[in-house]
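# Tertiary structure, described
Below are the chains, spelled out letter by letter.
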Amino acid sequence: MSWRLQRFPSPKPSVALAVRAVAILLALVVGGLVVAVSGLNPFALGNQVMKSTFGSSFGLEDLGLLATPLILTGLAVMITRRIGLWNIGAEGQFYAGALAAAAIGLFVEGPAWLMLPAMFLAGVAGGMAWITIPTLARAFVGVNELITTLLLNFVATLLVYYFATGPWRDRGAGTLGSTPRIRYEMPELWGMVHWGFAIAVVLTVLAAAVLSFTRWGYEVRISGANPENALYAGIPVRRRIIAVMLLSGAVAGVAGMLEVAGTVHRLQGGISNNFGYLGIIVAVLARTSCLGVFAAAALMAFILNAGIILQTQGLTTSAIVALTGLVLLFTAIGDEFAHYRLVRADRATA
Amino acid sequence: MDIITGLLTTAVLAGGVLALAALGEVICQRVGVVNLGVEGLMALGAVTAIAVTISVPNPSVGFAAALLVGLCFGMVFAMATVLFRANQVLCGLALTLMGTGLAATVGRAFSGMPAKATFQPVIVPYLSDIPILGPAFFSQNILVYLTFIILPVAIHYLMFKTRHGLNMRAVGENPGAADAAGIPVLAMRFWYVSLGAALAAGAGAYLTLAFVPSWSDGIVAGRGWIAVALVIFARYRPMNVVMAALLFGLITALGYVGQARNWPVAPALLGMLPYLGTLCFIIVPVIVLRRMRQLPAAPAALGLPYFRDVR
């Protein structure tokens, strides 16, 4: 009786989950080794991170604050994955949503109960507008959305930078490179964590339900899995692509709006802590699971928060970006390995 | 007159960065692998060149060191995508994050410092006396001649005039058939992907040794992504890549000249030109070609891992 490795079309969910745990662990080990080589004690740093994150309610509140945009950008990327596309422009749509929301918040006056929904809608519109060109190019002429969505990130970053340091800059106080404070604020839910967190959770559950349990969601998934087949079955694939991509942009835009209205209260260059790019990792770690988005966003929030804590130790947030890249690399490799199973040679008649 | 010369000089200099990175990506994509890590590789190359020239003030040494670092990271990427057959998009994004993050971390010590050694212009006798074109094309540094003349000709010859090049393209078009014909598919992919990555890192070194002679965080600024777009625009041909790079360089140069001449447009808005231009160049040709029913032909097996054992 002999055994052999056989590749299966899809990995076992349990194996895929284990792969993620191993990938994250490996990335932390490699990161720790690099830290040790550069002369710092990784265990002491880890201890400090754990203490300041979980030792006080402040730490946990920070986690919730960082997780809010990450849930949404992760969701934005995950939605497009369902139809087999990549939206790696969540960063740009985040900026566009923040810009649109800030425009309403800065220049329109009204009661807060009216203005916050208005800013929310502006965020939706901003995010959607930002993904419109890649969407149309993808749906009508088949231009790969990877590069088009990504290129617009740089444009959005520059646009926000332009407004925050140019026409909308705060002329009063000495705050450089940001607009005046926006009066309309998301009310707080728990400590510093604002209601945006609840909105992010609700939107994620809603999107997951629609994608998993409705006919529309089914059609989206089929369009992603096999476009020709979907077309043959009478599914309007093009319309599904447009809807899904616009939805994805809208979700990322909401993340930007919540960051402006809930956390930063100003528009400033670099308002996104790479949330859009980290959203890709959140989506990859979560695979297609809605609960997975929460777990992955929490993890990324933890890592991001660790970077902020460790700034006092001379580490930079860019080191954290490198670490997340390592997580992504190991996950990608592990995902491929998860396709393999040991099977008995006499049963494998492939 | 000298505004045109200035524009062309900057265009050649700026286009060279893109050309070098895009040539690497052409090699990589022709054997069937999409490397989306160019941005990260360029950042690594840029910081390596600065760091090395601080202790050894010789630009060639800095450039070679960047190539070596690129080769090493390229081998990691190739191991993941070619040997382990992991998803190429994910590995590329991972490489971009790793590269930019690592480069920024390492580069903090050199931030804002001018490069200790740079490539000096080499003036080609007689040709540099040609009005307008001479100064722009024939009194540039050695890297410009390398990326605009030597490398593209060499790669074109290798890819389209030799048997080895035919094999190379076969690996990108139909790895199964190539394998059956006895071509070592995995070895071919592994080494050309690594080589392409080395060139991408070289483009980063070009950036800090010949174009903007200092390191600062975010110095690559999406040039890696523009290079990837350029490969598609150039339809995977090395000679086209050079022409396209010149065109893209011209757009970048327009932004610089605008800033230098105080055009009444904010610098941040002028800075958008390369990205918006690239966006146009990637979408418009597809629309036109669809009208003519002539879609650009990417290598048929582009982005697909090769499994000999799974059929």
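In the block above lies the structure referred to throughout.
So, here is what we can say about the structure in this document.

What counts and what doesn't
Residues numbered from 1 in each chain as written. Chains lettered and ligands numbered in written order. Predicted model: local features only at pLDDT ≥ 70, side-chain atom pairs only at ≥ 80, totals over all residues. Heavy atoms only, no water. Helix = DSSP H or I, 4+ residues; strand = E, 2+ residues; numbered from the N terminus. Rg over C-alpha atoms; globule rule 2.2 N^0.38 Å. Contact = heavy atoms within 4.5 Å. Areas by Shrake-Rupley, 256 points an atom, 1.4 Å probe, with all protein chains shown as cover. Lys, Arg positive; Asp, Glu negative; His and termini not counted. Charge placed at Lys NZ, Arg CZ, Asp CG, Glu CD. Phe/Tyr/Trp six-rings, centres within 6.5 Å; stacked < 30°, edge-to-face > 60°. Buried < 20%, exposed > 50% of the residue type's maximum accessible area, 1.4 Å probe, protein only. Lys NZ or Arg CZ within 6 Å of the ring centre and 35° of its normal. Buried area = accessible area lost by both parts, 1.4 Å probe. Salt bridge = Lys/Arg side-chain N within 4 Å of Asp/Glu carboxyl O. Polar contact = N/O pair within 3.5 Å; in protein donor to acceptor, adjacent residues only side chain to side chain. Nonpolar A, V, L, I, M, F, W, Y, C, P; charged D, E, K, R; others polar.

## Thoughts on the overall build of chain B
Scanning chain B from N- to C-terminus turns up 13 helices and 0 strands. Secondary structure elements of chain B occur, N-terminal to C-terminal, as α-α-α-α-α-α-α-α-α-α-α-α-α. On C-alpha atoms alone, chain B measures out to a radius of gyration of 19 Å, which is about the 19 Å that the 2.2 N^0.38 rule sets for 311 residues. Expressed as lengths along the three principal axes of its C-alpha atoms, the size of chain B is roughly 60 × 50 × 40 Å. Put simply, of all contacts in chain B between residues at least 6 apart along the chain, 77% involve residues at least 24 apart. Total accessible area computed for chain B in this model is approximately 12,600 Å², and 69% of it derives from carbon and sulfur atoms. When the 17 basic and 8 acidic side-chain charges of chain B are each reduced to a single mean position, those positions are 8 Å apart.

## Let's talk about the packing of aromatic side chains
Summed over all chains, the structure comprises 14 aromatic pairs over all chains. Here the aromatic rings of Y162 of chain A and F163 of chain A are separated by 5.2 Å at their centres, their planes lie at 65°, and the arrangement is edge-to-face. Among the residues examined, Y162 of chain A registers a relative accessible area of 22% and is labelled partly exposed. Measuring from ring centre to ring centre gives 5.1 Å for F233 of chain B and F281 of chain B, while their planes differ by 45°; the resulting arrangement is tilted. Pair noted here: F233 of chain B is in helix α10 (residues 223-233) and F281 of chain B is in helix α13 (residues 273-291), with a separation of 48 residues, a long-range link. For F233 of chain B, a relative accessible area of 25% translates into the label partly exposed. The positively charged end of R81 of chain A is found above the aromatic ring belonging to W86 of chain A, 4.0 Å away from the centroid. For R341 of chain A, the ring lying beneath its charged end belongs to F8 of chain A, and the centroid distance is 4.1 Å.

## What about the interface of chain B and chain A?
Tallying the contact residues gives 45 residues for chain B and 40 residues for chain A. Across the chain B/chain A interface, buried area totals approximately 3,600 Å², and carbon plus sulfur atoms make up 85% of it. If you sort the residues of chain B by the area they bury against chain A, L90, L97 and W225 of chain B come out on top, with a joint share of 17%. At the surface where chain B touches chain A, the tally comes to 0 salt bridges. Applying the counting rule to chain B against chain A returns 2 residue pairs in polar contact (both at pLDDT 80 or more). Those elements giving two or more residues to the side of chain B that touches chain A turn out to be α3 (59-83), α4 (88-107), α10, α12 (267-270) and α13 of chain B. For the side of chain B that touches chain A, the leading source of residues is α4 of chain B, giving 12 residues. When its residues are assigned to classes, the side of chain B that touches chain A shows 33 nonpolar, 7 polar and 5 charged.

## Some words on the pattern of salt bridges
Two side chains carrying opposite charge are able to pair once their charged atoms lie near each other. Across all of its chains, the model carries 9 salt bridges over all chains by this definition. Two residues, E219 of chain A and R215 of chain A, come together in a salt bridge whose shortest N-O distance is 3.0 Å. In this pair, E219 of chain A and R215 of chain A are both assigned in helix α8 (residues 215-225), 4 residues apart and thus about one turn of the helix distant. Measuring nitrogen to oxygen at the nearest pair gives 2.7 Å for the salt bridge that ties R308 of chain B to D179 of chain B. Of this pair, R308 of chain B sits in the segment after α13 while D179 of chain B sits in helix α8 (residues 175-180), placing them 129 residues apart in sequence. Look at R308 of chain B and you get exposed, because its relative accessible area is 52%. Connected via shared salt-bridge partners are R215, E219 and R240 of chain A.

## Focus on the side chain of N305 of chain A
Residue and element names in this part refer to chain A. Assignment of secondary structure puts N305 in helix α12 (residues 290-309). Here N305 falls in the buried class, since its relative accessible area comes to 3%. Ignoring anything within four residues of it in the chain, the contact list for N305 reads T53, G59, D62, L63 and L66.

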